[in-house]
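# Tertiary structure, described
The residues making up each chain are set out below.
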Amino acid sequence: MSTATLDVHEVPTGSRVNYLNAQYGVKSWLLTTDHKRIALLYLASITLMFFVGGFFAVLMRLHLIEPQGALVQPETYNKLFTMHGVIMVFFFLVPSIPATLGNFLVPMMIGARDLAFPRLNLLSWYIYIIGAIFTLYAVISGGVDTGWTFYTPYSSSFSHTSVIPTALGVFITGFSSILTGLNFVVTIHKMRAPGLTWFRLPLFIWAIYATSIIFILGTPVIAITLFLLGLERLLHIGIFDPAIGGDPILFQHLFWFYSHPAVYIMILPGMGVMSELITCFSRKRIFGYGFVAFSSLAIAFISFLVWGHHMFVTGQSIYAGLIFSVLSFMVAIPSAVKVFNWTATLYKGSISYDAPMLYALGFIGLFTMGGLTGLFLASLATDVHLNGTYFIVAHFHYIMVGGAVMAYLGGIHFWWPKIAGRLYPDGWARFAALVIFVGFNLTFFPQFMLGYLGMPRRYAVYPAEFQVLNVMSSAGASILGIGYLIPLIYLTWSMRYGPAAGPNPWGAKGLEWQTPSPPPTENFEEIPVVTEEAYDYAHTTVTRG
Amino acid sequence: MADLAVHNTHPPGFAHQFEDMEQQREAGSLGMWVFLLTELMFFGGLFASYIIYRALYLPSFEIGSHLLEVKFGALNTAVLIGSSLTMALAIRSAQVGRRGAQVGFLTATMILGAAFLFFKFTFEWHHDYIEHLVPGFGFVIRPEWGAAGAHVPLFFCFYFFMTGLHALHMIIGLGILTVLTLMAHRGRFNPHYYSPLEVSGLYWHFVDIVWIFLFPLLYLIGGRYIGGGH
Amino acid sequence: MIGLAKFGSTFLSSVVQAPQLRPEAASSIAEGVDHLYFVLTFITLFFTIAIFSTIFFFMVKYRRRAENEVPPDIEQNLPLELAWTIIPTLICAGLFLWASSLYFENSRPPSASTEIFVIGKQWMWHIQHPEGVREINELHVPEGVPVKLTMTSEDVIHDFYIPAFRVKKDVIPGRYSSLWFQATKVGTYHLFCAQYCGADHAEMLGWVYVMSPADYETWLSSGTPSQTMEKTGEQIFNKLGCASCHQPDGTGRGPSLVGIYGKEEELKSGEKRLVDEAFIRQAIINPNSVTLRNYPPIMPTFRGQINEEQVLQLIAYVKSLASEERNSNGK
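Residues numbered from 1 in each chain as written. Chains lettered and ligands numbered in written order. Predicted model: local features only at pLDDT ≥ 70, side-chain atom pairs only at ≥ 80, totals over all residues.

## Quick look at the overall build of chain B
Secondary structure summary: chain B contains 7 helices and 0 strands in total. Listed by position from the N terminus, the elements making up chain B come as α-α-α-α-α-α-α. Burial statistics for chain B: of 230 residues in total, 35% are counted as buried. Nonlocal contacts in chain B, meaning residues at least 24 apart in sequence, comprise 77% of its contacts between residues at least 6 apart. (Helix = DSSP H or I, 4+ residues; strand = E, 2+ residues; numbered from the N terminus. Buried ≥ 20, exposed ≤ 12 C-beta atoms within 10 Å, placed from the backbone. Contact = placed C-beta atoms within 7 Å.)

Following this line, the structure appears as structure tokens:
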């Protein structure tokens, strides 16, 4: 087995033109069709939305240190948790990895110059922004208090808050997802470099592909659902309001038909990032490539069949409950397979402890715990006790924050040198990862216990016996909040003051690392020809540079 | 460099993110199919809700359906199918390089599409508005409907939403056709490059197919006597 | 295998007996649900710790020692892949079967249950005992007797949740939902609304008082004398003019309601429906959707004219007509 070192593709010396400095000026950014610039436009927008949603979370946790509420009136609290949910789900988590890392990396990883439809890509961003403006308008004009789930008939016939602007904002932004998914599917099918067969693709691409399928098939349904909700609110026709003959449970079926696959939109790309991080930082190819690739597709497929597990206590027939329960158990299996394969990849590897790897390891542990607590909820008998309580809140935050956000941060830290052409201070990065990990667990682990004890969710006030656990959770939240601010500071700092990054600071495999950092606008001078399998570290090494 | 020479021979309309026209054509085609799949899910959610309420309130939906004019629905169906034919013929004309025929058939498609919208808006929607059958705009529940009258507005809500969404897609289609007709007039399409026509044709056919489902679902509940009007 | 699980769960439950970790268990199903919960907790902690420690171990053992070291290429291992696919599948299958059978048991009320009626509305619980006693935000029940709650909402979706009993059910406007429990310990327990329902969702609290059967009887008959639900229902039946069409001998324009509860009837559409609480409610609120065969669809709707409590009282009255017939036949 030869271990010839592969020199990184030579870049003509003195050529420092890259996608960031190729053109200057606001117009060159707002009218760009370069997928890399669009990725940065998204990065800025979703970071803003993350901190808006996070601010609401901080207010909520501050409020909950007192059983009778420490900060706001119940009506305001109800708006806070609603807007936190709407913003975090639709305007941060759903676009996060696909619209930033996906947009930046998909063409580069497959050896293409751009996505299939660059102008459509820019349109997707504008649609996202318009949707965000509607929702932020709703926030400013008094907020909305229906819960991010908009259950009827409260949302259609009782709430006096800005339901329609919010629903409209989410409706509009949905089209951003649909177009992004469409772009990715066509690009991955049709624009792979010569030699890059499906089974040589990076697993990040498989994950994005599976996510895009969910974007395409699921998002239109939430669009129609929200439209019907708006119609009901305006016209009081009797679509969802039982007082005039409508069916409120129909709303829940339509809503969850999208919103359950949506949670897989939020985690699958993170799993794709995991595969990239684990392989690079253990310098080994992934264990069980085929299994990991197909598990992404399996998750996407089964995710459409389990929505009823959100409705076990609505009076669903026992038999419907059984079917949704067994399918919900089934969807856990491919995720477990991934976790085992990632762990096995570390075996006899050459492991380094860079910041992205720390995020990856945090992800695996927290995702395992979050996923396994899903089994409590797939189990009919325990779900009855736990549904509608803080157990659910803890479960989904373990996956969405302990999982998806950690993966997102890990990915940002991994590809930052490529995106910005700069290195960030490693010490601070590792410190922040640790602070986030500790703060996260302190925030959300007590919530499992609160839920089991019976504290319902969406409670602005609560019985005094739950105070200790609530205070622990709020303490954790303050640590977590600080943890998130630290990367914001040093990554921004690095854009100007960080040392210049070479083409491949991590010594990673992958076509994106064969370009300069930052890459030129057209990505590759010549489209590469691929001759090796993915993550082929054993046969050809890449030195850090 | 080799790239430069190849670049100069790329036909107009070539987009540089692609390697060659073949890849561009395939990508465009796949893109439209995927888009139509999303449209299917979009209309699908609506159809599913409609079917559920039709099952729950069949008497009300029958009353509503009988208030629609089948003759206009049938006329519009024929008009739309005709427009799909002219669209296909426009693509055929491009394939055999006949520029005049392209423009002619595209124009015919637009005329038929506009006729569809004209018939719908003037004879059906306007008529319904005058008859107080538009929910939210002075809907009047008629006593002769009896107890089932309470849910007739729900039928019309779905009727206007479904045909309205369809009409919106038609209007967008007309916009696309206008652009295509101008492009055809300028000779942009030839036997080697007509993928915008093909891809738009797919969209137009999809809109036609949606109508073919809408028509029986909305207009033909409870059956009709041939030659007897309602 | 089950024994091992039970041992594990008993061990865990003895460890977490401290009150702040485990809610009180005061119903016949609570122990069963808790056993399953502890096994799930054990599995979660086991795998989380196993994965974390394996990762930690590999991280340390295989840490990068030289910048250009190249690890060996590890062969893919199909048996291992299959093993860690099949074993979790089997574990999930076992959990599914256990949870589902518990759920089946917990969903079917025993036939001799005491019935109590619940109406949720923003933001309080109205409880109605058949004997006529009404409560607000409080539910008194006898210990050791199965109790079935039939519930509906006046406005939005609420959820009736008694953590100590491990029971919960959504309370939905326009339809009836039910849950059952058998309390096993005298005491006072929380009652929560567990489905967000607007401004005072968090204040829609109550208390469940479990009393010995003797105390319960005393409590029922104490206080201001109240009329049974059946009697109130009969008054409504006459006041709203139902009696004019629904004559007991069937000579009116509508069917006789004597003995109709619990029967299967054929509708005009040909569909066969069981006449239960939901059917009777539908007949009152949306009569033309359930017109019986051989009868004209002329019954007016009473939507908006009576509230959910009155509907329940009418239903109690109609149910009592069955037993009246039996009484008169038995004489």
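## Some words on the sheet that holds strand β5 (residues 146-153) of chain C
The strands making up a sheet associate through hydrogen bonds between their backbones, and the pairing can be parallel or antiparallel. All names here are of chain C. As summarised here, the arrangement of the 5 strands in space is β3-β2-β1-β5-β8, forming an open sheet in which the pairing is mixed. Whereas interior strands pair on both sides, the edge strands pair on one side only; in this sheet they are β3 (134-136) and β8 (177-182). Across the sheet, the mean angle from the axis of one strand to that of its neighbour is 25°, orientation sign disregarded. (Pairing = 2+ DSSP bridges. Axes fitted to C-alpha atoms, helices over the stretch in contact; angles between N-to-C directions.)

## A look at the confidence of the model for chain B
Low pLDDT means the predicted atomic positions in that stretch should not be read closely. All names here are of chain B. When the pLDDT values of chain B are averaged, the result is 89; 93% of them are 70 or greater. Scored below 50 in pLDDT, residues 1-6 shows 0 contacts in the model against residues more than four places distant or in partner chains. Interface confidence in the predicted complex, given as ipTM, is 0.91; pTM for the same model is 0.91. (pLDDT = per-residue confidence, 0-100.)

## Looking at the sheet that holds strand β6 (residues 158-162) of chain C
Residues and elements named next belong to chain C. Strand order in the open sheet formed by 5 strands is β4-β10-β9-β6-β7, and the pairing between neighbours is mixed. Only two strands of the sheet have a single neighbouring strand rather than two, namely β4 (138-142) and β7 (167-171). Strand-to-strand, the axes of this sheet are offset by a mean angle of 20°, without reference to chain direction. Packing of helix α4 (residues 213-221) onto the sheet brings it into contact with β4 and β10 (206-211), and relative to β4 it is tilted by some 130°.

## Quick look at the interface of chain A and chain C
Contacts between chain A and chain C engage 72 residues on the former and 69 residues on the latter. Contributions of two or more residues to the side of chain A that touches chain C are made by α3 (74-93), α6 (154-158), α11 (318-346), α12 (355-378), α13 (380-386) and α15 (426-453) of chain A. The leading source of residues in the side of chain A that touches chain C is α11(A), at 13 residues. When the residues that make up the side of chain A that touches chain C are grouped by side-chain class, the tally is 44 nonpolar, 23 polar and 5 charged. (Nonpolar A, V, L, I, M, F, W, Y, C, P; charged D, E, K, R; others polar.)

## So, the packing of helix α8 (residues 203-235) of chain A against helix α10 (residues 289-303) of chain A
Residue and element names in this part refer to chain A. Their axes nearest at 9 Å, the elements α8 and α10 cross at an angle of 10°. What the angle tells us is that α8 and α10 run roughly parallel. Where α8 abuts α10, its residues Leu203, Trp206, Ala207, Ala210, Ile213 and Ile214 lie against Val292, Ala293, Ser296, Leu297, Ile299, Ala300 and Ser303. Across the contact of α8 with α10, the residue classes break down as 11 nonpolar, 2 polar and no charged. (Parallel < 35°, antiparallel > 145°, perpendicular 65-115°, else oblique.)

## As for the pairing of strand β9 (residues 187-193) of chain C
Residue and element names in this part refer to chain C. In terms of burial, β9 is largely enclosed, as 5 of its 7 residues are buried. Relative to β9, β6 runs antiparallel, the two being bridged by 2 bridges. Looking at the pairing, tyrosine 161 lines up with phenylalanine 192 of β9. Of the strand pairs in this sheet, β9 and β10 are connected by 5 bridges, and their pairing is antiparallel. Along β10, the bridge assignment pairs threonine 188 with tyrosine 209.

## Digging into helix α4 (residues 96-110) of chain A
Residue and element names in this part refer to chain A. Taking 1.5 Å as the rise per residue, α4 with 15 residues should run 21 Å; its terminal C-alpha atoms sit 20 Å apart, in good agreement. Approximately 55° is the largest bend angle found in α4, and it occurs at glycine 102. Of all 15 residues in α4, 15 are buried, a share of seventy percent or more. Trailing α4 by a residue or two, glycine 111 shows a phi angle of about 75°, which is positive. (Expected span 1.5 Å × (residues − 1). Bend = angle between axes of the 7 residues up to and from the residue.)

## Description of the environment of A:Leu40
All names here are of chain A. Relative to the helices and strands, leucine 40 is located in helix α2 (residues 35-63). Judged by C-beta crowding, with 19 C-beta atoms within 10 Å, leucine 40 ranks as partly exposed. Sequence separation of leucine 40 and serine 176 is 136 residues, and the distance between their C-alpha atoms is 16 Å.

## Here's the deal with the nonpolar core
Soluble globular proteins tend to bury their nonpolar side chains together. In terms of nonpolar packing, the biggest core is built from 320 residues, with A:Ile205 and C:Val118 touching the most fellow members. Leave out the neighbours within four places in its chain, and A:Ile205 touches A:Val106, A:Met109, A:Ile110 and A:Ile188. (Core = buried A, V, L, I, M, F, W, Y, C linked by C-beta atoms within 7 Å.)

## Quick look at the pairing of β8(C)
Burial of β8(C) is extensive: 6 of the 6 residues sit out of reach of the surface. Because side chains alternate across β8(C), one face comprises the buried residues C:Ser177, C:Leu179 and C:Phe181, and the other comprises C:Ser178, C:Trp180 and C:Gln182, equally buried.

## Points about the packing of α12(A) against helix α14 (residues 390-420) of chain A
Residues and elements named next belong to chain A. The interhelical angle for the contact between α12 and α14, taken along N-to-C directions, is 160°, at an axis separation of 8 Å. The angle between α12 and α14 places the two elements in the roughly antiparallel class. Where α12 crosses over α14, the two elements pack in a sense that is left-handed. Looking at side-chain class alone, the contact of α12 with α14 contains 16 nonpolar, 10 polar and no charged residues. (Left-handed = near helix turned anticlockwise from the far one by under 90°.)

## Side note on the environment of A:Asn441
Mapped onto the secondary structure, A:Asn441 falls in helix α15. The spacing of A:Asn441 and A:Tyr398 is 43 residues in sequence and 8.5 Å in space, taken between C-alpha atoms.

## A short note on unusual backbone geometry
In this model, A:Thr152 is joined to A:Pro153 through a cis peptide bond whose omega is -5°. Within the fold, A:Pro153 resides in the loop between α5 (118-140) and α6. Note that the residue after C:Gln122, namely C:Trp123, is joined by a cis bond; omega there is -5°. With respect to the helices and strands, the residue C:Trp123 is situated in the loop between β1 (114-121) and β2 (124-128). For A:His236, which is not a glycine, the phi torsion comes out positive at approximately 50°. Here A:His236 is to be found in the loop between α8 and α9 (248-282). We note that A:Asn523 has phi near 70°; this positive angle belongs to a residue other than glycine. With respect to the helices, strands and loops of the structure, A:Asn523 is situated in the segment after α16 (467-497). Its 23 C-beta neighbours within 10 Å are what place A:Asn523 among the buried residues.

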